[in-house]
Amino acid sequence: MFRHLHFKAWLAALLLTVAACTPFAPKQTGPAPLPLPERYTLYPQDAPAEGNRWWLSFDNEELNGLMDDALADSLTLQEAWARLKQSAAQHRVKGAALYPTLSGEGGAETTWRGGDDTSEESTDSVSLGLAASYEVDLWGRLKSLEESERQRLLASRADVETAAVTLTGEVAETWVALVAIRNEIALVEEQMDLNKTLLTALTWRFENSLVSAVDVLRQKKVIERQLSELPSLRLQESRLEYSLALLLGKPPGAAPAVRTTALPDVGPLPPTGLPADLLAMRPDVRAAGLRLRAEEWEISAARADRLPALSITGRAKYTSDGVDTLFDNWLANLAANLTGPIFDAGKRKAGVEKAQAQAEERLATYRRTVLTALSEVENSLVGEVRQKETVAALTREVETARITLLEAENQYTQGVSDYVNLLDELKDLQELQRKLVQEKARLVKERVALHRALGGSWPQDLAPEPARDTATAEGTNEQTKGVPTES
């Protein structure tokens, strides 16, 4: 008997070796290439800085602190980390199918048997044993399913990085908008002070019959219009403060105070690298490529499912009529079952076709993601260049309007022109000053959008905060650490 068991164990080992093959594994070619441009339209082929947290280029400690808080406490990012843990657990579920299962069995039974009113028999039975089962992965079906889930795990990690890129961009844009709206409020209040001074002077001139009542009323109307604009500006300020708190994972009013009074200088354009660099620098592009790869492995699993499957079961059991003699009698058996589809009404073939169609969908998604990334970079580059031109032209226009106002004031003082001309020039200058603040803020936002479009390698260093880290999260980090991010 032991000789037969030894032979069966040797046969099982051989089958395990055969199962290491995966004949339907997809080719390691990656997605079909896209006709990527050789360079961007408005910028040379300088290599992007590796691992640089782009907001540091603004040289603002307050913004740096907000970014640290957001990366640590953002609920959106915590959701992404939780989804990564789920993906890691699912990967372990799929991987467990590659190994045998072992379970324990135990039981006790008493049977009574009687023939008439005077005779009755009882039989006691006690059993204890182990049961094992294993599916021999002859065609790599289980390995393909496990590899497909591993690709999804890597894609989930890339999703975390995408969430971090999006989050930092939104924090920066909200911070810029908040600084700009406060600058605009301060400018309106400053303009109101000037207009009130002019109103006082006009009132004195009216009392001395030097100007008409219409001139005084026109000046009052300017002040009233500015007073009516302030509540709207302060409403925008409050909403931006609440939006910033939400991005930081805090309730309204609990976000760190923003005390910056000047918009940052964007400086020269950052290095962008080549368009092909986006395939590695954009985490959403990597995620799309990894999910395409996962679907290719699903095709392998579906093709392997059409072939026969071999399963091995084994059981070792002790049984006796009492606990004291339990280990005196034992029974062991080893069985192998080979099953294969004969007729399934095309079910497995349809499964292959479905997997292939899903892969086609993922391929189209990957290509669209790549083209979207290229378009976003080009739009941001063009947007920043044109916005710089707009700010420069508007700055010159403000200076011209300032000189024009001085000339109109001189003519009014000398009695050459009436107050209407002076008021028109004053209103024009004040409107241009506010517009300049808005356009400068838009320029900074264009730079933020460019950094978001370029992606970067810095999110790859992110890890869950220790306060929220668990054994599962640590296992997730270990599983994704050092694994190539295929695209």
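Only a predicted model underlies this, so the values are computations on that prediction, with no experimental measurement involved.

Focus: the overall build of the protein
- From N to C terminus, the protein includes ten helices and four strands.
- Counted from the first residue to the last, the protein has its helices and strands arranged as α-α-α-β-β-α-α-α-α-β-β-α-α-α.
- Within the protein, contacts between residues at least 6 apart in sequence are counted, and of these 84% link residues at least 24 apart.
- Element-wise, carbon and sulfur atoms account for 55% of the exposed surface of the protein, whose accessible area totals about 26,900 Å².

Considerations on the environment of Gly95
- In this structure, Gly95 sits in helix α3 (residues 75-96).
- Here the alpha-carbon distance between Gly95 and Arg150, two residues 55 residues apart in the chain, equals 9.0 Å.

A few points about unusual backbone geometry
- Even without a glycine there, the phi angle at Asp59 is positive, about 55°.
- If you trace the backbone, Asp59 turns up in the loop between α1 (2-19) and α2 (61-73).
- Positive phi, close to 60°, is recorded for Ser209, a residue that is not glycine.
- Along the chain, the position of Ser209 falls in the loop between α4 (141-207) and α5 (213-247).

A few points about α5
- Under the 1.5 Å per step criterion, the end-to-end length of α5 is 52 Å for 35 residues, consistent within 8% with the ideal 51 Å.
- Downstream of α5 by one or two residues, Gly249 has phi in the positive range, about 75°.

Some remarks on the packing of α4 against helix α7 (residues 283-304)
- The contact between α4 and α7 brings their axes to 8 Å, and the two run at 165°. On the basis of their axis angle, the class for α4 and α7 is roughly antiparallel. Between α4 and α7 the crossing geometry is left-handed.

Some points on the nonpolar core
- Counting residues in each nonpolar core, the largest one holds 68 residues, and the members touching the most others are Trp54, Leu71, Leu77, Val171 and Trp458.
- The set of elements that each furnish at least two residues to this core consists of α2, α3, α4, α5, α8 (347-413) and α9 (419-454).
- Tallying contributions element by element places α4 first for this core, with 20 residues.
- Once you skip the residues sitting within four places of it in the chain, Leu71 turns out to touch Arg53, Trp55, Leu77, Ala164, Leu167, Thr168, Trp458 and Leu462.
- Formed by 14 residues, the second largest nonpolar core is a distinct cluster that contains Leu269, Leu278, Val285 and Tyr366.

Quick word on a negative patch on the surface
- Judged by side-chain charge, Glu397, Asp418, Asp424, Asp428 and Glu431 come together as a negatively charged surface patch.
- At three residues, α9 tops the list of elements feeding residues into the negative patch.
- If you trace the backbone, Asp424 turns up in helix α9.
- Residue classification places Asp424 among the partly exposed residues on the basis of a relative accessible area of 42%.

Considering the environment of Ala357
- Relative to the elements of secondary structure, Ala357 occurs in helix α8.
- Residues Ala357 and Glu295, 62 residues apart in the sequence, show an inter-C-alpha distance of 9.3 Å.

Some points on the pattern of salt bridges
- This structure, assessed with the given rule, holds 26 salt bridges.
- Between Arg282 and Asp284 there is a salt bridge, and its shortest N-O distance comes to 2.8 Å.
- Take Asp284: its relative accessible area is 23%, and that puts it in the partly exposed class.

Here's the deal with the packing of α2 against α4
- The N-to-C vectors of α2 and α4 enclose an angle of 140°; their axes lie 10 Å apart at closest approach. When the interaxial angle is binned, α2 and α4 end up oblique. You can see that α2 and α4 cross each other, and the crossing is right-handed. Contact residues: Glu62, Leu63, Leu66, Met67, Ala70 and Leu71 in α2; Ala164, Leu167, Thr168, Val171, Ala172 and Trp175 in α4.
- When the residues that make up the contact of α2 with α4 are grouped by side-chain class, the tally is ten nonpolar, one polar and one charged.

Let's talk about the side chain of Glu146
- Looking at the secondary structure, you find Glu146 in helix α4.
- Side-chain polar atoms of Glu146 contact the side chain of His91, separated by 2.8 Å.
- Glu146 has contacts with His91, Lys94, Gly95 and Leu98, leaving out every residue within four places of it along the chain.

A word on the packing of aromatic side chains
- Applying the stated criterion to the full structure yields four aromatic pairs.
- Between Trp55 and Trp458 the ring centres are 5.0 Å apart and the planes differ by 90°, which places this aromatic pair in the edge-to-face class. Placement of the pair is Trp55 in the loop between α1 and α2 and Trp458 in the loop between α9 and α10 (471-480), with a sequence separation of 403 residues.
- Assessed through its relative accessible area of 2%, Trp55 is described here as buried.
- By relative accessible area, which is 1% here, Trp458 ends up buried.

Topic: the confidence of the model for the protein
- Residue-level pLDDT values for the protein average 84, and 83% of them are 70 or greater.
- The least confident element of the protein is α10, whose mean pLDDT is 49; the most confident is α2, at 95.
- This model gives residues 467-474 a pLDDT under 50, and the stretch forms eleven contacts once residues within four places in sequence are excluded.

Section: the environment of Leu381
- Inspection of the secondary structure puts Leu381 in helix α8.
- Residues Leu381 and Thr272, spaced 109 residues apart in sequence, show a C-alpha to C-alpha distance of 9.5 Å.

Basis of the calculations
Residues numbered from 1 in each chain as written. Predicted model: local features only at pLDDT ≥ 70, side-chain atom pairs only at ≥ 80, totals over all residues. Heavy atoms only, no water. Helix = DSSP H or I, 4+ residues; strand = E, 2+ residues; numbered from the N terminus. Contact = heavy atoms within 4.5 Å. Areas by Shrake-Rupley, 256 points an atom, 1.4 Å probe, with all protein chains shown as cover. Expected span 1.5 Å × (residues − 1). Axes fitted to C-alpha atoms, helices over the stretch in contact; angles between N-to-C directions. Parallel < 35°, antiparallel > 145°, perpendicular 65-115°, else oblique. Left-handed = near helix turned anticlockwise from the far one by under 90°. Core = buried A, V, L, I, M, F, W, Y, C linked by side-chain atoms within 4.5 Å. Buried < 20%, exposed > 50% of the residue type's maximum accessible area, 1.4 Å probe, protein only. Patch = residues over 30% accessible without salt bridge, like charges linked within 9 Å, V, L, I, M, F, W, Y side chains within 5 Å. Salt bridge = Lys/Arg side-chain N within 4 Å of Asp/Glu carboxyl O. Lys, Arg positive; Asp, Glu negative; His and termini not counted. Charge placed at Lys NZ, Arg CZ, Asp CG, Glu CD. Nonpolar A, V, L, I, M, F, W, Y, C, P; charged D, E, K, R; others polar. Polar contact = N/O pair within 3.5 Å; in protein donor to acceptor, adjacent residues only side chain to side chain. Phe/Tyr/Trp six-rings, centres within 6.5 Å; stacked < 30°, edge-to-face > 60°. pLDDT = per-residue confidence, 0-100.

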